[in-house]
Amino acid sequence: MARARVLLLNSAIGPLDYRVDREHAVEPGSIVLAPLGPRQLAGVVWEAERMPSDAEVGDNRLRPLTHVYDLPPLAAPLRRLIEWTADYYLAAPAAVLRMALASASALDERRATTEYRATGTVPDRLTPQREQALQRIGERQGLVRELAYIADVSDAVIRGLVKAGAIEPVEVAVDDPFVPPDPDHAPPDLSAEQAAAAATLVAAVQAREAAAFLLDGVTGSGKTEVYFEAVAEAIRAGRQTLVLLPEIALTEPFLKRFAARFGHQPVAWHSDLRQSQRRRAWRAIASGEAKVVVGARSALFLPYADLGLIVVDEAHESSFKQEDGVMYHARDVAVMRGRFEGVPVILASATPAIETRQQVTLGHYAELKLPRRFGPATMPDIAALDLLRDPPLRGRWIAPTLVRELEANLARGEQSLLFLNRRGYAPLTLCRTCGHRFQCPNCTAWMVEHRLTARLACHHCGHVMPPPAACPECGEADSLVACGPGVERIADEVAALFPQARTAMVTSDTLWSPAKAAEFVNRMEAGEIDIVIGTQLVTKGYHFPNLTLVGVIDADLGLAGGDLRAAERSFQQIAQVAGRAGRGEKPGRVLVQTREPGAPVIRALVSGDAESFYAAETAARRHAGAPPFGRFAAIIVSSEALDEAVAAARLIGDSAPEVEGMAVYGPAPAPLAMLRGRHRQRLLVHARRTLDVQDVIRAWLGALDWPKGVRVAVDVDPYSFV
Ligand code: ADP
Ligand code: ZN
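Since this is a predicted model, take the numbers as computed values, not measurements. (Residues numbered from 1 in each chain as written. Chains lettered and ligands numbered in written order. Predicted model: local features only at pLDDT ≥ 70, side-chain atom pairs only at ≥ 80, totals over all residues. Heavy atoms only, no water.)

Participant: Please explain the site of ligand 1 as it appears in this structure.
Facilitator: Every one of the 16 residues lining ligand 1 counts as a neighbour, but Asp-189, Gly-220, Lys-223, Glu-225 and Arg-257 are closest to it. Residue Gln-194 places a side-chain N or O atom 2.9 Å away from a nitrogen atom belonging to ligand 1. A distance of 2.8 Å separates an oxygen atom of ligand 1 from a polar backbone atom of Gly-220. Here ligand 1 loses 80% of its free accessible area of 560 Å² to cover by the protein chains. Among the elements that take part in the shell around ligand 1, helix α8 (residues 223-236) stands out by supplying three residues, more than any other. (Near = heavy atom within 4 Å. Polar contact = N/O pair within 3.5 Å; in protein donor to acceptor, adjacent residues only side chain to side chain. Areas by Shrake-Rupley, 256 points an atom, 1.4 Å probe, with all protein chains shown as cover. Helix = DSSP H or I, 4+ residues; strand = E, 2+ residues; numbered from the N terminus.)

Participant: When you look at the coordination of the zinc ion (ligand 2) in this model, what are you seeing that I'm missing?
Facilitator: By definition of the ideal shapes, four donors in a tetrahedron about a metal sit 109.5 degrees apart, and six donors in an octahedron sit 90 or 180 degrees apart. At 2.2 to 2.4 Å from the zinc ion (ligand 2) lie its protein donor atoms, namely Cys-440 (SG), Cys-443 (SG), Cys-458 (SG) and Cys-461 (SG). With four donor atoms in place around the zinc ion (ligand 2) and angles of 103 to 116 degrees between them, the coordination shape is tetrahedral. Sequence spacing of the donors to the zinc ion (ligand 2): C-x2-C-x14-C-x2-C. Of the two residues, Cys-440 is situated in the loop between β18 (428-431) and β19 (448-450) and Cys-458 in the loop between β20 (455-457) and β21 (464-465); the sequence distance between them amounts to 18 residues. In this structure Cys-440 comes out as buried when scored by relative accessible area, which is 4%. A relative accessible area of 3% means that Cys-458 is categorised as buried. (Donors = N, O, S within 2.8 Å, 3.2 Å for Na, K, Ca; no water. Tetrahedral: all angles 85-135°; square planar, octahedral: opposite > 155°, others 65-115°. Buried < 20%, exposed > 50% of the residue type's maximum accessible area, 1.4 Å probe, protein only.)

Participant: How should I be thinking about the packing of aromatic side chains in this particular structure?
Facilitator: By convention here, two paired aromatic rings are described through the distance between centres and the angle between planes. On inspection of all chains with the given rule, the structure shows 17 aromatic pairs. Plain terms: the ring middles of Trp-84 and Tyr-89 are 6.1 Å apart, the flat faces sit at 90 degrees to each other, and that makes the pair edge-to-face. Its relative accessible area of 21% is what places Trp-84 among the partly exposed residues. The exposure class assigned to Tyr-89 is buried, which follows from its relative accessible area of 3%. Taken together, a centroid distance of 5.6 Å and an interplanar angle of 15 degrees make the contact between Tyr-542 and Phe-544 stacked. A single burial state applies to Tyr-542 and to Phe-544, both of which are buried. (Phe/Tyr/Trp six-rings, centres within 6.5 Å; stacked < 30°, edge-to-face > 60°.)

Participant: Please clarify how the packing of helix α9 (residues 251-262) against helix α15 (residues 514-525) should be interpreted in this entry.
Facilitator: The angle between the axes and the distance between the axes are what describe a pair of packed helices. In the contact formed by α9 and α15, the axes pass within 7 Å of each other and the chain directions differ by 65 degrees. Every residue of α15 that contacts α9 at Thr-251, Glu-252, Pro-253 and Lys-256 is listed here: Pro-514, Ala-515, Ala-518, Val-521, Asn-522 and Glu-525. Broken down by class, the residue content of the contact of α9 with α15 amounts to five nonpolar, two polar and three charged. (Axes fitted to C-alpha atoms, helices over the stretch in contact; angles between N-to-C directions. Contact = heavy atoms within 4.5 Å. Nonpolar A, V, L, I, M, F, W, Y, C, P; charged D, E, K, R; others polar.)

Participant: Help me out: how do you make sense of the packing of helix α12 (residues 354-361) against helix α18 (residues 610-624) in this one?
Facilitator: Relative orientation of the contacting elements α12 and α18 amounts to 90 degrees, with a least axis distance of 11 Å. Classified by the interaxial angle, the pair formed by α12 and α18 is roughly perpendicular. Of the residues in α18, those in contact with Ile-354, Glu-355 and Arg-357 of α12 are Glu-611, Tyr-614, Glu-617, Thr-618 and Arg-621. (Parallel < 35°, antiparallel > 145°, perpendicular 65-115°, else oblique.)

Participant: Which parts of the structure should I look at to understand the sheet that holds strand β26 (residues 589-594)?
Facilitator: Hydrogen bonds between backbone atoms are what pair the strands of a sheet, whose relative direction is either parallel or antiparallel. One open sheet holds the six strands; their spatial order is β16-β26-β25-β17-β24-β23, and the pairing between them is parallel. Edge positions in the open sheet fall to β16 (381-386) and β23 (503-506), since each of these has one partner strand only. Between one strand axis and the next, the sheet turns by 20 degrees as a mean value, whatever way the strands run. The pairing of β16 with β26 spans six bridges and is parallel. Paired with Asp-381 across the bridge in β26 is Arg-589. Against the sheet, α15 contacts β17 (415-419), β23, β24 (531-534) and β25 (547-552), and its axis sits at roughly 150 degrees relative to β23. (Pairing = 2+ DSSP bridges.)

Participant: What exactly am I supposed to notice about the sheet that holds strand β14 (residues 345-349) here?
Facilitator: Taken together, the seven strands give an open sheet; going across it, the order is β11-β12-β10-β13-β14-β9-β15, and neighbouring strands pair in parallel fashion. One side of each edge strand has no neighbouring strand; the edge strands of this open sheet are β11 (267-269) and β15 (365-370). Adjacent strand axes in the sheet meet at a mean angle of 20 degrees, parallel and antiparallel pairs treated alike. For strand β9 (residues 212-217) and β14, the ladder comprises five bridges, and the chain directions are parallel. Bridged to Leu-214 within β14 is Leu-347.

Participant: Help me understand the domain arrangement of the protein, please; the structure alone is not making it clear to me.
Facilitator: It is common to give the size of an interface as the accessible area lost on bringing the parts into contact. Domain annotation for the protein reports domain 1 (3-101), domain 2 (112-173), domain 3 (192-370), domain 4 (381-422 + 485-617) and domain 5 (630-716). A straight line from the C-alpha centre of domain 1 to that of domain 4 covers 50 Å. (Domains from an automatic or database assignment.)

Participant: In this structure, what is going on with the side chain of Thr-224? I would like to understand it.
Facilitator: Checked against the element boundaries, Thr-224 lands in helix α8. Ignoring sequence-local partners within four residues, the contact set of Thr-224 consists of Arg-257 and Asp-313.

Participant: Got a minute to help me understand the pattern of salt bridges in this structure?
Facilitator: Side-chain pairing between opposite charges can occur once the charged atoms of the two side chains come close. On inspection of all chains with the given rule, the structure shows 38 salt bridges. Close ionic contact of Glu-525 with Lys-256 constitutes a salt bridge, the shortest N to O distance being 3.2 Å. With Glu-525 in helix α15 and Lys-256 in helix α9, this residue pair connects regions lying 269 residues apart in the sequence. Since its relative accessible area comes to 38%, Lys-256 is described here as partly exposed. Residue Arg-621 pairs with Glu-355 through a salt bridge whose shortest N-O separation is 3.7 Å. (Salt bridge = Lys/Arg side-chain N within 4 Å of Asp/Glu carboxyl O.)

In structure tokens:
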């Protein structure tokens, strides 16, 4: 009798064995449906010897598989990647598998689905909710649930609008083919430097070489054009390419740029896709029809039929690190996927991470350099603006020198960008009378005022409240004051200084979808915006030739907090935002407001001497045994009950094994001591680079027990220390 070991989509249970009846044929990787108790769960057949089961069941007690999907089996390299990821990041294999299967809709076998869209007729009875729904839905289309989500109303409101004829059903074919991109549509003339880098990458694609490349080129040097040549080669060979971007807001501009080079758009993969789009993309990826896929980190685990190349753009970005669920780093897993698939991986960045540079030093990654901007564009001129010598007026945040520069730039008809990495109006609100501060009831965090939406919001859990008219502590009316600036406050200041200027604010609150991002890019390109005020969202990837002035409002902000990458991250962020200036024919200027013009980060930015900054940072890391010279793993213990969290963390700390080359710090309350109503304690494991900390932690935690309400998460190679 045939039996099959199946990894089910349920992280709480290990792999289970099933009977395979004659009408079903399975092999490792087959996607199946199997009974579990009264339910049916999807899963994947696995090699039994690679996935031990803790419940050996005799043949006569096996339950049969319900269904085998008519889909290509997950290929062996992807199965190895899933095992590796689960092992390295101490995650349940099922949790990693879920990222490969991506959504239940991918498995849906119907070839058409019914979506809904507005008809344009206004219903006789137009309640405020109906009006809001129709306004927000606009031209968009989707399932009832999806439209309800977009419109922020209940499903019943949408169904009511269907009945009233204001929304109509549409049949959508979910298997429409994607048009393949044309590698020879509009190739650029590469400069000699670009051509040399491109030739190396093209050769690696041809050779199907499992090699990692760092494409290290200054902002505007043409990194994208260069790796596009490797993409073109993969297309010619009929193989698939995955391009990972750090932020979904960057997908739309990328799609446009790609279409200009290759004649057609690539397949996009991100969290904003409708279910039908997700299913269509997933199937095209699994069949090999989707030749080029661009996506956020979740695209990394999809079942590509024939991968030929992986590109990680802006590879230094910390948003490639996932901070919940499976806590993996997409840049590192991308390199592993390249290894398992036997294909090249390109990491592109103007400010590569110290970890990546170290791989180059060790000879593990090859480095390709583009030291100059393309064409007539030159690197922008960066100057520090000492806030102690040239302070802004009281209650203002933009120093007089920067104000004058903005004014001159406006007069010239050129675009400017002000960068402050803080959403909202003010990071802290307090009562002038009694000093009461507004704190989130669920988190150790201040409530941040957002004037645009007239709310106080917690940036950690999403808790919102209307700003009260009086202080809840002392009852004094109108006594609340905003402390410190956020981007909204800078936008107010700009409006007061330059009432005639056309401004745009770019934050995750205003650019929450790829469509919004596209709208921003179009307005920028059409010259409809004079001054952009934005958070880190504007530091990445954008190319606006008429943008010539960048002002950094508070360069010291990122240096507070003291996590091990603070200086590096500050340097990267400011270098990236500075890199938006002067990308066309006109030269760019960057003014960096700081209270510490002598700080190494600022000096490196101003002098352009990144190398000595990196050398000093790298030496400090080596001295401290910090990554990449040593390893960290964080153990985060949380519970709704403080005493439970403390007790479990203490138990873990007390049971820490004595291992040569490893130290355990803590437990201690996490800096973010309370998050979403859970009390948090942290331990930090620091180990020699060569030590298999995962094995140690597995054995250590595996021998312990804690109450059901306690959650213990392990963050291997952590990027966040809160
Ligand atoms: P990076 O990714 O390194 O910041 P980009 O690839 O965005 O640089 O290039 C900057 C700008 O220069 C883009 O508008 C790009 O199209 C243009 N560019 C770069 N190389 C070439 C080339 N060889 N021919 C034409 N345009 C180029
Ligand atoms: Zn909160």
